[in-house]
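One letter stands for each residue in the lines below.
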Amino acid sequence: MNDSLISIILQQIKQPLWENWYIKEKIGSGAFGAVYRAEAKRQNRIDISALKIEPVVADGQMISDEEKKKIYLENRRKMIENES
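Reading the values: rules and limits
- Residues numbered from 1 in each chain as written.
- Predicted model: local features only at pLDDT ≥ 70, side-chain atom pairs only at ≥ 80, totals over all residues.
- Heavy atoms only, no water.
- Helix = DSSP H or I, 4+ residues; strand = E, 2+ residues; numbered from the N terminus.
- Buried < 20%, exposed > 50% of the residue type's maximum accessible area, 1.4 Å probe, protein only.
- Contact = heavy atoms within 4.5 Å.
- Areas by Shrake-Rupley, 256 points an atom, 1.4 Å probe, with all protein chains shown as cover.
- Pairing = 2+ DSSP bridges.
- Phe/Tyr/Trp six-rings, centres within 6.5 Å; stacked < 30°, edge-to-face > 60°.
- Axes fitted to C-alpha atoms, helices over the stretch in contact; angles between N-to-C directions.
- pLDDT = per-residue confidence, 0-100.

A.B. asks: I'd love a proper account of the overall build of the protein, names of residues and values included.
C.D. replies: Helices and strands together make up the secondary structure of the protein, namely 3 helices and 3 strands. In sequence order, the secondary structure elements of the protein are arranged as α-β-β-β-α-α. Taking all 84 residues of the protein together, 19% fall into the buried category. Within the protein, residue pairs in contact and separated by at least 24 positions form 26% of the contacts whose partners lie at least 6 positions apart. Entry remark: accessible area of the protein is about 6400 Å², with carbon and sulfur atoms responsible for 52%.

A.B. asks: Can you explain the pairing of strand S3 (residues 46–53)? Please cite residues and give values.
C.D. replies: Direction of pairing for strand S2 (residues 34–41) relative to S3: antiparallel, over a ladder of 8 bridges. For Val35, the partnering residue across the bridge sits in S3 and is Lys52. Connecting the antiparallel pair S2 and S3 is a turn made up of 4 residues.

A.B. asks: Which residues make up the side chain of Asp47, and what values do they have?
C.D. replies: Tracing the sequence through the fold places Asp47 in strand S3. Asp47 gets classed as buried once you look at its relative accessible area, which sits at 17%. When residues no more than four places from it in sequence are discounted, the contact partners of Asp47 are Trp21, Ala38, Glu39, Ala40 and Arg42.

A.B. asks: Explain the packing of aromatic side chains residue by residue, including any values.
C.D. replies: Under the counting rule described, the total for this entry stands at 1 aromatic pair. With 6.2 Å between their ring centres and 35° between their planes, Trp18 and Trp21 make a pair best called tilted. You can call Trp18 partly exposed: its relative accessible area is 49%.

A.B. asks: Account for the sheet that holds strand S1 (residues 21–29), naming residues and giving values.
C.D. replies: Overall, antiparallel pairing links the 3 strands, which are arranged S1-S2-S3 in an open sheet. Looking at strand neighbours, the two that pair on one side only are S1 and S3, the edges of this open sheet. Strand after strand, the sheet turns through a mean of 25° between neighbouring axes, direction not considered. The sheet contact formed by S1 and S2 spans 7 bridges and is antiparallel. By the bridge assignment, Ile23 is partnered in S2 with Ala38.

A.B. asks: A description of the confidence of the model for the protein should follow, citing residues and the corresponding values.
C.D. replies: Put simply, the protein has an average pLDDT of 82, and 87% of its residues get 70 or more. The secondary-structure element of the protein with the lowest mean pLDDT is helix H2 (residues 60–64), recorded at 56, while S2 shows the highest, at 92.

Take a look at the structure:
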């Protein structure tokens, strides 16, 4: 995965992500995205989870056709939901 693209995405993510969840460190990366450790501090514990950041980028042909772009993005959303 293109680390510079992931860096741009990370800069746009406001923290905390929700409630008191914060991105802490990169765990790993692959061809489609990167996985980060996320933590939430509680009164007497720290909850830990993984957060996958996967840029959804359509090729130039799809971007020029709004209907194809919409279908492509909806299919990617479904794939990501199924994976999780």
